[in-house]
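Each chain, written out:
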Amino acid sequence: MASGNSFYITTPIFYVNDAPHIGHAYTEVAADVLARWHRQAGDDTWSLTGTDEHGEKILRTATANGTTPKEWADKLVTEAWKPLLATINIKNDDFIRTTDERHETNVQLFLQRLFDAGFVYSGEYEALYCVGCEEFKPQSEIVDGTGPFEGQKVCAIHSKPLELLQEKNYFFRMSDFTDRLLALYEERPEFIQPESARNEVIQFVKQGLSDLSISRSSFDWGVKVPWDDSHVVYVWFDALLNYVTAVGYGQDEEEFARRWPATHIVGKDILRFHAVIWPAMLLAAGLEVPKQVFGHGWLLVGGEKMSKSKLTGIAPTEITDTFGSDAFRYYFMRAIAFGQDGSFSWEDLSARYQSELANGFGNLASRVIAMVTRYFDGVVPAEAERTDAELVIHAEVSAASDLADASMEKLAVHDAIAAIWRIVDELNGYITDQEPWALSKDEANRERLGTVLYTALEGLRALAVLLSPVLPEATARLWTALGAVGALGALEDQPLREAGTWGQLPAGTQVSALEALFPRIEATVN
RNA sequence: GGCAGGGUAGCUCAGUUGGUGAGAGCGCACGACUCAUAAUCGUGAGGUCGCGGGUUCGAAUCCCGCUCCUGCUACCA
């Protein structure tokens, strides 16, 4: 392990003030499945997630809750975000918090370097300020006034006129990078994916970039600007740097060289920060830009974008309490083309759980284990003469394995799972065709029966390996039931790219009882 | 308003550079089977391919108009 190519994958860091919902969990699962896949394939894998804890809003909620921002963040990390990772069975290598010293120190180092290189200057930031909110308002919260405020710009929350105020800020010369970014997008089409995301970014950058205000002086919960401690670093500038500070930037150059650059998995809402601002920052600092920025879609609930502000947010535990973490992971990875918007519904979740996991994969495992137990006392039979039917299965398993790996390489997780699932369908059909229960009635068919069941067992072995990144719990149970732990070693040590190689499970291995992998769920949900 | 993407069987979606009678999965109906989580396997029914024009021997696939949906339109997490 850890001998292959570097594969460093990141999720966005959670804004601690948010309430965890299935959108957060979706991003995490996607990154986790990819990380587990690469890790098990022998690539030098590192997966990172974490939390973003600075900014005025956090300061304000902490104060409102009678505590300090750090204590507030500690509480949320402990009570909300780390439990989320456990709920959906995330196996991350690191968890960075923007309040970590390794982060804060090196954000300052990074900023100082940009300053020294002339990419940061002091300027006037002018924007509309809402007295009610006590903050500068973003475009999205500025609306045209009505009634007495006709013709004026008002705050969307307070509906009161906004004041045009100025504040001294430090600016990053992002405008210098317009052409270099466009050249980057042109030279490396895979830099931003999928295509729709790439097009939007290019379209945006073509309009020309302006400089970015990267400091604030109206509050102090953030990383201090190293040469002027009356300012703190703008939260986005701070947050984006987690991807490098977590892997040694500024303090462990060997580790940094080993990991960087990363593949960033992000939601569409924050695509621009990652595909424009972030590479511009890196270029200015003389660092490599990310390997790829992949923007996934939204989860639509009832045809609408799910959001925390509306009441459509669904807590992941609502799903996992009934269906389990494996089903959660499977459902979102299988049902939604990664990169596109996808609609979530309880009906679809239940239907797929029932037909694909319970009746498809789960029942396949049950019937095979049961027959081996009944006809061979649980001992894996030897494979005798192969017929065309077996050769078809061998070819199918091998092809599915290759196709799945190629799909994962393209971050097409849904295609990878669909490819693997062909094995499930083929095996179910094969067993029905070969009728092992009929073969068992005549001792003369003993060898043939053994061959059929061996073929089914080997298919299950391949499925367990290929599906382990998506269904870590169920495949671990299947692996144990197959007796493969003793015969082949731990499931997570099985080389993924060799999963399609036939004949790995030795005859003579003892299988054991298997509880239903995905038990029927009788109660109707909602 | 501008830019981008999309409207294909009940549902979720595929449909290369226009060309055998428009596909998959699920659901549904019928049949087979019984090893298995009342599971499995097979067969079948179901579509004006958003609407209206046009190009073409021929368009879901190209062009024009219309309509509906979604996203982006910078300092919001």
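Our subject is the structure listed above.
Right, let's walk through the structure included here. Model, not experiment: these values are computed from the prediction.

### A closer look at the sheet that holds strand E12 (residues 215–216)
Read from one edge of the open sheet, 3 strands run E12-E14-E13, paired in antiparallel fashion. Edge positions in the open sheet fall to E12 and strand E13 (224–225), since each of these has one partner strand only. For E13 and strand E14 (residues 228–233), the ladder comprises 2 bridges, and the chain directions are antiparallel. Note that in E14 the partner of Lys-224 across the bridge is Val-232.

### Quick notes on the side chain of Thr-45
Note on placement: Thr-45 falls in strand E3 (residues 44–52). On the accessibility criterion, Thr-45 (9% relative accessible area) is buried. Looking at Thr-45, its side chain comes within polar contact range of the main-chain nitrogen of Arg-39, at 3.2 Å. With near-sequence residues (within four places) excluded, Thr-45 lies in contact with Phe-7, Ala-35, His-38, Arg-39, Asp-93 and Arg-259.

### Notes on the protein's contact with RNA strand B
Of all residues adjacent to RNA strand B, which total 49 residues, the nearest are Tyr-15, Tyr-234, Asn-363, Arg-367 and Arg-520. Taken together, the sugar and phosphate atoms account for 64% of what RNA strand B places within 4 Å of the protein. For RNA strand B, a sugar or linking oxygen lies 2.7 Å from a polar atom in the side chain of Thr-432. Within the contact set of RNA strand B, a phosphate oxygen lies 2.6 Å away from a side-chain nitrogen or oxygen of Arg-520. Elements with a minimum of two residues in the surface near RNA strand B: helix H6 (195–206), strand E11 (212–213), helix H7 (235–240), helix H10 (271–284), helix H13 (346–376) and helix H15 (413–434). Among the elements that take part in the surface near RNA strand B, H13 stands out by supplying 11 residues, more than any other. Partitioning the surface near RNA strand B into residue classes produces 20 nonpolar, 16 polar and 13 charged.

### Topic: the packing of aromatic side chains
Counted by the stated rule, this structure contains 29 aromatic pairs. Where Tyr-249 meets Phe-256, the ring centres are 5.8 Å apart and the plane angle is 70°; that geometry is what we call edge-to-face. Each of the two residues, Tyr-249 as well as Phe-256, counts as buried. Summarising the aromatic geometry, the rings of Phe-332 and Phe-344 are spaced 5.7 Å apart at their centres and angled 20° between planes, so their arrangement reads as stacked. A residue pair is termed long-range when its members are at least 10 positions apart, and Phe-332 in helix H12 (residues 325–335) and Phe-344 in strand E19 (residues 342–344) qualify at 12 residues. Looking at Phe-332, the relative accessible area reads 1%, which means it is buried. Exposure remark for Phe-344: the relative accessible area of 3% places this residue in the buried category. An aromatic cluster of three or more residues is present, and its members are Tyr-8, Phe-110, Phe-119, Phe-172, Phe-177, Phe-237, Tyr-243, Tyr-249, Phe-256, Trp-260 and Trp-278.

### Points about the pattern of salt bridges
Per the counting criterion, the structure on display carries 26 salt bridges. Among the ionic pairs, Asp-348 bridges to Arg-352, the shortest N-O distance being 3.7 Å. One end of the pair is Asp-348 and the other is Arg-352, both in helix H13 and 4 residues apart, which spans about a single turn. For Asp-348, a relative accessible area of 26% puts it in the partly exposed group. For the salt bridge of Glu-409 with Arg-497, the shortest nitrogen-to-oxygen distance reads 3.9 Å. Note that Glu-409 is positioned in helix H14 (residues 388–409) and Arg-497 in the segment after helix H19 (484–488), a separation of 88 residues in sequence. The exposure class of Glu-409 is partly exposed, given its relative accessible area of 44%.

### Regarding helix H11 (residues 316–323)
Turning to H11, its buried residues number three or more, namely Pro-316, Ile-319, Thr-320 and Phe-323. Summarising the axial view, the buried residues of H11 lie within an arc of 90°, below the 170-degree limit, and thus occupy one face.

### Considerations on the packing of H11 against H13
Two numbers describe how H11 lies on H13: the axes approach to 12 Å, and their chain directions differ by 30°. Compared by their axis directions, H11 and H13 come out roughly parallel. At the point where H11 passes H13, the crossing takes the right-handed sense. Along its contact with H11, which presents Glu-318, Ile-319 and Phe-323, the element H13 presents Trp-346, Leu-349, Ser-350 and Tyr-353. Among the residues forming the contact of H11 with H13, the class breakdown is 5 nonpolar, 1 polar and 1 charged.

About the cut-offs
Residues numbered from 1 in each chain as written. Chains lettered and ligands numbered in written order. Predicted model: local features only at pLDDT ≥ 70, side-chain atom pairs only at ≥ 80, totals over all residues. Heavy atoms only, no water. Pairing = 2+ DSSP bridges. Helix = DSSP H or I, 4+ residues; strand = E, 2+ residues; numbered from the N terminus. Buried < 20%, exposed > 50% of the residue type's maximum accessible area, 1.4 Å probe, protein only. Polar contact = N/O pair within 3.5 Å; in protein donor to acceptor, adjacent residues only side chain to side chain. Contact = heavy atoms within 4.5 Å. Near = heavy atom within 4 Å. Nonpolar A, V, L, I, M, F, W, Y, C, P; charged D, E, K, R; others polar. Phe/Tyr/Trp six-rings, centres within 6.5 Å; stacked < 30°, edge-to-face > 60°. Salt bridge = Lys/Arg side-chain N within 4 Å of Asp/Glu carboxyl O. Arc of directions from axis to C-beta. Axes fitted to C-alpha atoms, helices over the stretch in contact; angles between N-to-C directions. Parallel < 35°, antiparallel > 145°, perpendicular 65-115°, else oblique. Left-handed = near helix turned anticlockwise from the far one by under 90°.

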